[in-house]
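# Summary of the model geometry
Given next are the chains, with one letter for each unit.
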Amino acid sequence: MPHIAFTSQLQRFTETPELRTAAATLRDALDAAFEANPRLRHYVLDEQGHLRQHVVVYISGRRVADREALTDALAPDDKVYVLQALTGG
Amino acid sequence: MVDRAWVASRKGLIELRRRAGAWAVQRTSFVGDPVSMLLPPDASGRMFAALNLGHFGVKLHASDDAGTSWREVTAPAFGPQPEGAPGSAWKVVMVWALERRGDALYAGTLPGALFKSTDAAQTWRLDDVLWNQPGRPTWGGGGYDTPGIHSISPLGDDTVLLGVSSAGAWITHDAGATWNQTAHGMRAEYMPPEQAYDPDAQDPHAIARCAAQPDVLWCQHHNGIFRSTNGGARWDELHAPLSSFGFAVAAHPADPQTAWFVPAVKDQCRIPVDCALVVNRTRDGGASFETLRAGLPQQDCYDLVYRHGLAVADDGLSLMMGSTTGGVWASDDAGDHWTALPARLPPVYALRFG
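Each residue is numbered by its place in its chain's sequence as written, counting from 1. Each chain takes a letter, starting from A, and each ligand takes a number, starting from 1, following the order in which they are written. Since the coordinates come from a predicted model, pLDDT governs what is reported: local features require at least 70, and pairs of side-chain atoms require 80 or more to be given and counted, while whole-chain, interface and lining totals use all residues.

Moving on, we come to the overall build of chain B. Only runs of H or I of at least four residues qualify as helices and only runs of E of at least two qualify as strands under DSSP, and these elements are numbered from the N terminus. Helix and strand counts for chain B stand at one helix and 28 strands. Atoms counted for the radius of gyration: C-alpha only. Globule rule: 2.2 Å times residue count to the power 0.38. The globule rule puts the C-alpha radius of gyration for 354 residues at 20 Å, and the 19 Å found for chain B is close to it. Based on the C-alpha atoms only, the size of chain B along its principal axes is roughly 55 × 50 × 35 Å. Counting other C-beta atoms within 10 Å of its own, a residue is labelled buried from 20 upward, exposed at 12 or fewer, and partly exposed in the gap between, with every C-beta atom placed from the backbone. The proportion of buried residues among the 354 residues of chain B is 50%.

Attention shifts here to the interface of chain A and chain B. Size of an interface: often given as the accessible area lost when the parts come together. With 14 residues of chain A in contact, the opposing surface of chain B contributes ten residues. Side-chain classes follow a simple rule in which Ala, Val, Leu, Ile, Met, Phe, Trp, Tyr, Cys and Pro form the nonpolar group, Asp, Glu, Lys and Arg form the charged group, and the remainder, Gly included, forms the polar group. Considered class by class, the residues forming the side of chain A that touches chain B number five nonpolar, six polar and three charged. Think of it this way: build a C-beta for each residue from its backbone, and any pair within 7 Å is a contact.

Further remarks concern the sheet that holds strand β1 (residues 3-6) of chain A. Residue and element names in this part refer to chain A. Strand pairing is assigned whenever DSSP identifies at least 2 bridges connecting the two strands. Read across the sheet, five strands follow the order β2-β1-β5-β3-β4 without closing on themselves; strand pairing throughout is mixed. Both edges of this open sheet fall to β2 (19-20) and β4 (62-63), since each of them pairs with a single strand only. Bridge count between strand β3 (residues 55-59) and β4: two bridges; the pairing is antiparallel. Directly across from Tyr-58, in β4, lies its bridge partner Arg-63.

All names here are of chain A. Three or more residues of helix α1 (residues 26-36) are buried, namely Leu-26, Ala-29, Leu-30 and Ala-33. All buried residues of α1 lie within an arc of 95° about the axis, which places them on one face of the element. On its buried face, α1 sits against β1, β2, α2 (41-44), β3 and β5 (79-84). Here, the arc refers to the directions that run from the helix axis to the C-beta atoms.

Let us now look at the nonpolar core. Working definition: the nonpolar core is a set of buried Ala, Val, Leu, Ile, Met, Phe, Trp, Tyr and Cys residues, joined through C-beta atoms within 7 Å. With 127 residues, the main nonpolar core has Met-37, Leu-38, Ala-50, Ala-248, Val-249 and Ala-250 of chain B as its most contacted residues. Ala-250 of chain B has contacts with Ala-208, Ala-259, Trp-260, Leu-310, Ala-311, Val-312 and Leu-319 of chain B, leaving out every residue within four places of it along the chain.

We now examine the environment of Ala-254 of chain B. All names here are of chain B. Its place among the elements puts Ala-254 in the loop between β20 (245-251) and β21 (259-264). We classify Ala-254 as partly exposed; it has 13 C-beta atoms within 10 Å. Separated by 42 residues in sequence, Ala-254 and Ala-212 place their C-alpha atoms 4.9 Å apart. Residues within four places of Ala-254 in sequence aside, it is in contact with Ala-212 and Gly-316.

This paragraph deals with unusual backbone geometry. All names here are of chain B. Here the bond from Leu-110 into Pro-111 is cis, since omega is -5°, no more than 30 degrees from zero. Position of Pro-111 relative to the elements: it lies in the loop between β9 (104-110) and β10 (113-117). That bond from Ser-165 to Ser-166 is cis: its omega, 0°, falls within 30 degrees of zero. Mapped onto the secondary structure, Ser-166 falls in the loop between β13 (159-165) and β14 (168-172). Although it is not a glycine, Leu-242 sits at a positive phi angle of roughly 70°. Within the element layout of this structure, Leu-242 appears in the loop between β19 (236-238) and β20. A count of 18 C-beta atoms within 10 Å places Leu-242 in the partly exposed class. Positive phi values are uncommon outside glycine, yet Cys-275 reaches one of about 60°. Tracing the chain through its elements places Cys-275 in the loop between β21 and β22 (279-282).

Residue and element names in this part refer to chain B. Of all the seven residues making up β20, seven are buried; the element is thus mostly covered by neighbouring parts of the structure. Relative to β21, β20 runs antiparallel, the two sharing five bridges. Bridging from a neighbouring strand, Ala-251 pairs with Ala-259 of β21.

Below, the structure written as structure tokens:
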């Protein structure tokens, strides 16, 4: 199952679950994490459900393509990292 | 005499205390995080701080013990953006203004929206009437990519006046059922001549109201200083020494003739005139100004006081200002003399007594 982890910087603000999920898309994987900690959602996504401008996600080494609908597909052995982009300061 | 002030800065919230006549840093909160605006404690000790986390968005925190402890509360946010909606994205970029009137909290944001909470920031309601103004998608930005509401002046239960960069001033007299433009008389020299007096084109940098005579309003505008004596229905241009460009204005709480401004050279050169920091004060409704310099750096000074960086306390004597390069100066004689805070602070976004 895909594995999802978050930047440790987020732990200053809220808990960041690290988990394996049967999710087939990035959206589903994030939803699984947000189920574990609902407050995390608004740190990663804006009110339109898009990735925040200065949050970046890598899926097994490739940068996420769809930052709005989050439809990037996940393979069973994918590793998803939710990180802060350097553009954010 | 007031003995507490708050600095919302690029790198945290800083509480200042005056002890034995001298101001000093008492406590810091949210160290390292940008604090875009704050609302000082009310009588119960409840206060609010708006954060603008570089990566993780706008957050709002509340304290019930005057800043000793904090908890995250709900930040203003838009609902789903309709397909094809014109204008700015429906995403709160920054909380630029926070005010209270009774139990009501108001938040002005980038993009230019007004939110209201009546349950201590458990929930927020977007002012749909203002947001759905037909001309709103054409509002310009002022210093930012999107327009924003930086000044909120509630009066009574039903009247609220807003300053918008760059879309003039807006007022409701019926608790938001209707909104009307109220920047008539302001002049925009950055526009084509035929549009110079277009209210929608005006860029008020800050608007302040005289608490005792609330029909008197002062505006530091992008290219001038304006005053209204009829609640914003009409604005008259004033002319200050050195420069009428600046960001900040403070209105005397009791004397409608008195206000303070901090001039800078011009929009293309946002530094003090001759690199000497001054405050312009009028005590005759803007007919004349005094330029106050005592205690302020008079050479090699590049400090700019931003729109929320100048405050006057309820006593009308205590003033404080903070700059974008982290200088803070206080006066306890209405600006005649100033003393520098013995600290080098981060860039100051907002400074408030209380």
